[in-house]
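Coordinates in review
Each chain, letter by letter, is given below.
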Amino acid sequence: MRGVAPQRMAWLVEVAARYHVLRPTCLPKAIVLYWLLRQRGLEAKVVIGAQKTADGIGAHAWLEYEGRILIGESGEVFAPLDGAFYQSPGVTERQQQTA
């Protein structure tokens, strides 16, 4: 996939997912595209977001490349989760830096 544009790679991941027996959701597709782009030395970011719904909390994942969403586009609004959400109680700043 050396000469394939990132947008085309995203389309190929979507097509492969459509025909895959397990029907991958947004997160596995974003991770696969992330891996493919990183193999080419391209910077990308997998983002996980959440939103409040009538039933509780909804979650979604997408991949951003050069400020654009390449995979996981949604018509809904999800707030990206920040690393601050993952800080465990009782973990010191020094422990986080060595992890």
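Our subject is the structure that appears above.
Structural notes, computed from the coordinates. Every value quoted in this text rests on a predicted model; they were computed, and no experiment measured them. (Residues numbered from 1 in each chain as written. Predicted model: local features only at pLDDT ≥ 70, side-chain atom pairs only at ≥ 80, totals over all residues. Heavy atoms only, no water.)

Before going further, it helps to examine the pattern of salt bridges. When the charged atoms of two side chains lie near each other, side chains of opposite charge can form a pair. Across all of its chains, the model carries three salt bridges by this definition. E43 serves as the salt-bridge partner of R38, at 3.0 Å between the closest nitrogen and oxygen. Of the residues examined, E43 reaches a relative accessible area of 59% and is grouped as exposed. The closest approach of N and O atoms between E64 and K45, which form a salt bridge, is 3.8 Å. (Salt bridge = Lys/Arg side-chain N within 4 Å of Asp/Glu carboxyl O. Buried < 20%, exposed > 50% of the residue type's maximum accessible area, 1.4 Å probe, protein only.)

Their axes nearest at 10 Å, the elements helix α1 (residues 6-19) and helix α2 (residues 26-39) cross at an angle of 140°. Taken together, α1 and α2 sit at an angle that is classed as oblique. Considering only the axes of α1 and α2, their crossing is right-handed. Touching P6, M9, A10, V13, E14 and A17 of α1 are K29, V32, L33, L36 and L37, all from α2. Across the contact of α1 with α2, the residue classes break down as nine nonpolar, no polar and two charged. (Axes fitted to C-alpha atoms, helices over the stretch in contact; angles between N-to-C directions. Helix = DSSP H or I, 4+ residues; strand = E, 2+ residues; numbered from the N terminus. Parallel < 35°, antiparallel > 145°, perpendicular 65-115°, else oblique. Left-handed = near helix turned anticlockwise from the far one by under 90°. Contact = heavy atoms within 4.5 Å. Nonpolar A, V, L, I, M, F, W, Y, C, P; charged D, E, K, R; others polar.)

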